[in-house]
Amino acid sequence: MTDPLDSSLDFSQLTAETVTAYLGTRQALAGRIDAARIASVREVGDGNLNLVFIIDDADGASVVLKQSLPHVRTDPSWPMTRERSAREATVLGAHSVADPVHVPGFYDFDPAHYVLAIENLSDHRVWRNELNEGRVHEYAAAELGLYVARTAFATSPLGMNPLEHKQLVARAVNPELAQITEDLVFTEPYIEHSHNGVLPANEPDVAELRADSALVREMGLAKWRFMTTAQSLIHGDLHTGSVFVRSATGDAPASVRAFDSEFGFVGPTGFDLGALWANFIIAAARASALGEDDRAALILTLPGRLWSAFETEYRILWPSRVDPRVWGDDVLEQLLGGIRDDAAIFAAAKAIRRIIGFAKASDIESLPPALREGAARGVLRAGRALALTRHGIADVDALAAESLAILRAAATR
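Residues numbered from 1 in each chain as written. Predicted model: local features only at pLDDT ≥ 70, side-chain atom pairs only at ≥ 80, totals over all residues. Heavy atoms only, no water.

Caption draft 1: A look at the overall build of the protein chain. Check the secondary structure of the protein chain and you find 15 helices and 12 strands. Against the globule reference of 22 Å for 413 residues, the protein chain gives a C-alpha radius of gyration of 22 Å, in line with a compact fold. Principal-axis analysis of the C-alpha atoms gives the protein chain an extent of 65 × 60 × 45 Å. The proportion of buried residues among the 413 residues of the protein chain is 54%. (Helix = DSSP H or I, 4+ residues; strand = E, 2+ residues; numbered from the N terminus. Rg over C-alpha atoms; globule rule 2.2 N^0.38 Å. Buried < 20%, exposed > 50% of the residue type's maximum accessible area, 1.4 Å probe, protein only.)

And the structure:
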């Protein structure tokens, strides 16, 4: 066993061999796991940015360590700030207070080595993978609506002292990762860029999008909203691949947890809702491509469930706002209308970006090319329609029904 007091040990990039010694240096974890009796260490990171270890001790206690890397894992030539782990710690800390049931337990943050220690949720499954396998877990949409409402209200000027909110804005600023979103989501899909790529059969679909000046204008305005709106401390990357789900059993209730909030900052509340909405469209496109029309229709009830739960919870929280002097009930209606509109345009942007740009969605990419062509075309057309028709259709369910019709018409079965 390695000695945790050995000053020659390098924890700058943890390995399965050095994790045990590292745990021995973290007093905050002494009550969570026995560093002297570690039974197993597994490196399970499969994302683009981080090392992730699951550690179990001989008594069955477990923690997860997540360490940010100084570069994109799959492309070491692409540098990344390691300070993003501090931003994730800020988000997770605040969200744990506002809504602890919908995030992993947060145990420790080591700013010297950029390591977070969080709850092991190995009994849960990544929602995207479950959707790809045909298991919808439709209850999760409403749970995430509650999560976004509670965290958004608590970390906005409605739920915080104004000075504390301004301090939170400064503490959570995340310029490098925000710029990645600004580029990948709002800019690169509409220009020629090395990050982009689609099937040859979908190249005319991309050209059609780029030629639509009204759509490009809407994306420019959405980018402006993303860059200049400081409403609440958002997750920043809340797609179905950043959500764990566990169905209810006889012994335990259903559980839904949002994780990987390293893209978080104080931004537009509707962005988190829109990211989920976009991924529901993408999941429905997969189901439609596979000829599973009933499942596609079920998936596209999720935007409405998400929004309904969010709106209901936000209204419940509204009477507790810290300053009701000029924020009357008519202000609430304006706020909700703006958040709904933001959610729709951000959903459109996120859906389109997942087809054209970097880090595509496995929902579509794992389809055979003949089916992928129509699914991708459907997502692009649904995103475009959502961006351009959202002002005339105030009902989220109606917008989702429009998306479903577009996906069915585009499917190449």
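From this point, things continue past the structure.
Caption draft 2: Representation of the sheet that holds strand β8 (residues 125-126) within the structure. Pairing is antiparallel across the open sheet formed by three strands, whose spatial order is β8-β10-β11. Sheet topology places β8 and β11 (255-258) at the edges, where each strand pairs with a single neighbour. Where strand β10 (residues 243-246) meets β11, four bridges bridge the pair, whose relative direction is antiparallel. Its bridge partner lying in β11, V243 is registered against A258. (Pairing = 2+ DSSP bridges.)

Caption draft 3: Structural detail: the sheet that holds strand β3 (residues 62-68). Strands sit in the order β1-β2-β3-β7-β6 across an open sheet of five strands; the sheet is antiparallel. Of all the strands in the sheet, just β1 (38-43) and β6 (106-110) have a single pairing partner and so form its edges. Adjacent strand axes in the sheet meet at a mean angle of 20° when their direction is disregarded. Sheet topology note: the β6/strand β7 (residues 115-118) ladder contains four bridges and is antiparallel. Residue F109 lies in a different strand from β7, and its bridge partner there is L116. Relative to β6, helix α2 (residues 84-98) is tilted by about 155°, and along the sheet it contacts β2 (50-57), β3, β6 and β7. (Axes fitted to C-alpha atoms, helices over the stretch in contact; angles between N-to-C directions. Contact = heavy atoms within 4.5 Å.)

Caption draft 4: Quick look at empty space enclosed by the protein. Across all of its chains, the model carries four cavities of 30 Å³ or more by this definition. Volume-wise, the largest cavity comes out at about 70 Å³. Lining the largest cavity we find E88, L92, H95, V103, P104, I118, Y147, H235, A258, F259, D260 and S261. In terms of residue class, the lining of the largest cavity is made up of seven nonpolar, three polar and two charged. By volume, the second largest cavity amounts to about 50 Å³. Every residue lining the second largest cavity is listed: D205, E208, L209, L380, R381 and R384. Looking at the lining of the second largest cavity, the elements that each hand over two or more residues are α7 (203-210) and α14 (369-389). Partitioning the lining of the second largest cavity into residue classes produces two nonpolar, no polar and four charged. (1 Å grid on protein atoms, 1.4 Å probe; cavity = no way out; pocket = protein on both sides within 12 Å on 5 of 7 lines; lining within 4 Å. Points joined across faces, edges and corners; volume = space filled by probe spheres on them. Nonpolar A, V, L, I, M, F, W, Y, C, P; charged D, E, K, R; others polar.)

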